[in-house]
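Inside the fold
So the chains spell out like this:
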Amino acid sequence: MSKIVSLTKWHHTGVSVSDLSAALTFYREGFGFEPVFEALDMSDLIQSITGIPGLRADLVQCSSPVSETVLELIQFRNIPSDYQGAAPVEPGRSHVALLVSNLDEAIAEILAAGGELIGQVTEFSEGRAAYLSDPAGYVVELEEAQPNGNT
């Protein structure tokens, strides 16, 4: 039996949306979420982590009024019409992002437990990350925790 991945934090829950502006308004006005990070027109990084050539995305990460877990709203563009993969790019799909102390070891453990790597390990300004799917197809993003505890 494989060992348990060493998690350090539940970082965010990502929700794929069809209209980023409308979703942001909904979560701000309805629940009090406030934007803390924005990345517009992502291309190379989002293509790498999803494994989908030509994909683009806009995202906003929001702080919660009741939790340290971040809400990530992400609008993908240029999704191939015949896309059948596991990456959570269609509106309504979601993923959780968990921080791990060693990304390579965590990926090996998840693969041994029946998970699958989606796309590639990708180097973001905050650190390395990867999308993996569980045996049922739900996506978990693993992010390598930085030594100072931030991502």
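Above this text is the structure in question.
The following refers to the structure shown.

Criteria and thresholds
Residues numbered from 1 in each chain as written. Predicted model: local features only at pLDDT ≥ 70, side-chain atom pairs only at ≥ 80, totals over all residues. Heavy atoms only, no water. Helix = DSSP H or I, 4+ residues; strand = E, 2+ residues; numbered from the N terminus. Buried < 20%, exposed > 50% of the residue type's maximum accessible area, 1.4 Å probe, protein only. Contact = heavy atoms within 4.5 Å. Lys, Arg positive; Asp, Glu negative; His and termini not counted. Charge placed at Lys NZ, Arg CZ, Asp CG, Glu CD. Phe/Tyr/Trp six-rings, centres within 6.5 Å; stacked < 30°, edge-to-face > 60°. Pairing = 2+ DSSP bridges. Axes fitted to C-alpha atoms, helices over the stretch in contact; angles between N-to-C directions.

**Thoughts on the overall build of the protein**
The secondary structure content of the protein amounts to 3 helices and 8 strands. When the elements of the protein are put in sequence order from the N terminus, they spell out β-α-β-α-β-β-β-α-β-β-β. Counting only C-alpha atoms and orienting by the principal axes, one finds that the protein spans roughly 45 × 40 × 25 Å. Per-residue burial over the protein gives 42% buried out of 151 residues. Contacts in the protein between residues at least 24 apart in sequence constitute 62% of all its contacts with a sequence separation of at least 6. Side-chain charges in the protein split into 7 positive and 21 negative, and the spacing between the mean points of these groups amounts to 1 Å.

**Details of unusual backbone geometry**
Residues other than glycine predominantly adopt negative phi, and peptide bonds predominantly adopt the trans conformation. The phi dihedral of Asp41 falls on the positive side, at around 55 degrees, and the residue is not glycine. Residue position: Asp41 is located in strand β2 (residues 34-42). Residue Asn78 is not a glycine yet carries a positive backbone phi of 65 degrees. One can find Asn78 in the loop between β4 (70-77) and β5 (94-100).

**Some remarks on the packing of aromatic side chains**
Taken as a whole and assessed by the stated rule, the structure comprises 4 aromatic pairs. Ring plane angle 85 degrees and centroid distance 5.9 Å describe the contact between Tyr27 and Phe33, whose orientation is recorded as edge-to-face. Taking relative accessible area as the criterion, Phe33 reaches 14% and is therefore assigned buried. Among the aromatic residues, ring-to-ring pairing joins Phe26, Tyr27, Phe31 and Phe33 into one connected group.

**As for the sheet that holds strand β8 (residues 139-144)**
The pairing of strands in a sheet happens through backbone hydrogen bonds and is either parallel or antiparallel. Spatially, the 8 strands line up as an open sheet ordered β2-β3-β4-β1-β5-β8-β7-β6, and their pairing is mixed. Whereas interior strands pair on both sides, the edge strands pair on one side only; in this sheet they are β2 and β6 (116-124). Between one strand axis and the next, the sheet turns through 20 degrees on average, direction left out of account. By the bridge criterion, 6 bridges tie β5 to β8 in an arrangement that is parallel. Each bridged residue has a counterpart across the sheet, and for His95 the counterpart in β8 is Val139. Across the face of the sheet, helix α1 (residues 20-31) comes into contact with β2, β3 (56-63) and β4 while running at roughly 160 degrees to β4.

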